[in-house]
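# Results of the structural survey
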Amino acid sequence: MNVIEKQSGAAFKLKNGQKLKVIDPQGEQVSDMVLFNAEDTREKISSGKTLDFEENILITRGDHLWSNRSNKMMEILEDTNGRNDFLLAPCSPETFKIMYGNSDYHPSCFENLYTNLAKFDIEPDDIPTAFNIFMNVQFQPDGKLSVDPPMSKAGDHVIFKAKMDLIVGLTACSAEDSNGGSFKPIHYEILD
């Protein structure tokens, strides 16, 4: 079992056919995930292509995560929570300045992704919109969005199967609103 401490991140390789199990050990904690083709990091996870090809904005069990080159990167095999987000970008220093009115330093998923992915020569401008595991974004008929506390309970998990060799970036999200006002760790396992 691998532990991502609260408000931090990790990056690792996942081989084609391997499974990634992302676990919310305490409940109500979001995990931002980005994917890159391990052979060519210019190919990366795409929110637009995924929402397009899956014809849904609620991505869950049975769906695929697609790349900017229209290739399947992962398949979702299990999802015990069933609520994830693929609309909102990883929180960043600007998120806290613009949305929270906080100009002081604040840990962010954007920083945790690019600092951990740097060992794979992935730079800040390479970070795409993340697949936000367990994130509860609600939308009204008029299109208004709200970020509500995650519905995930302790032990909820999502199992993904890699459809190509991947570089994965994963966080324990740092945004107060995304996590019901508190920060907790995320666990993950790589399964063959």
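For clarity, every value in this text was computed on a predicted model and none was experimentally measured.

## Describing helix α1 (residues 47-54)
- Turning to α1, its buried residues number three or more, namely Ser47, Thr50, Leu51 and Glu54. For α1, the angular spread of buried residues about the axis comes to 95°, placing them on one side.
- Between a side-chain oxygen at the N-terminus of α1 and the backbone nitrogen of Gly48 the separation is 3.5 Å; the capping residue is Ser46.
- Positive phi appears at Glu55, one or two residues downstream of α1, with a value of about 55°.

## Concerning unusual backbone geometry
- One non-glycine residue, Glu55, lies in the positive phi region at around 55°.
- On the secondary structure map, Glu55 appears in the loop between α1 and β6 (64-66).
- The backbone of Asp121 shows a phi angle near 60°, a positive value even though the residue is not glycine.
- Mapping Asp121 onto the fold places it in the loop between α3 (109-117) and β8 (131-133).
- Classification of Asp121 as exposed rests on a relative accessible area of 66%.

## Some details on the sheet that holds strand β7 (residues 72-79)
- If you walk across this open sheet you meet the six strands as β1-β13-β3-β11-β7-β6, and the pairing is antiparallel. The sheet terminates laterally at β1 (2-4) and β6, the two strands that pair on one side only. If you compare each strand with its neighbour and ignore which way they point, the axes differ by 25° on average.
- As paired strands, β6 and β7 are joined by three bridges and run antiparallel to one another.

Conventions adopted
- Residues numbered from 1 in each chain as written.
- Predicted model: local features only at pLDDT ≥ 70, side-chain atom pairs only at ≥ 80, totals over all residues.
- Heavy atoms only, no water.
- Buried < 20%, exposed > 50% of the residue type's maximum accessible area, 1.4 Å probe, protein only.
- Helix = DSSP H or I, 4+ residues; strand = E, 2+ residues; numbered from the N terminus.
- Arc of directions from axis to C-beta.
- Polar contact = N/O pair within 3.5 Å; in protein donor to acceptor, adjacent residues only side chain to side chain.
- Pairing = 2+ DSSP bridges.
- Axes fitted to C-alpha atoms, helices over the stretch in contact; angles between N-to-C directions.

Interpretation in functional terms is not warranted from these geometric data alone.
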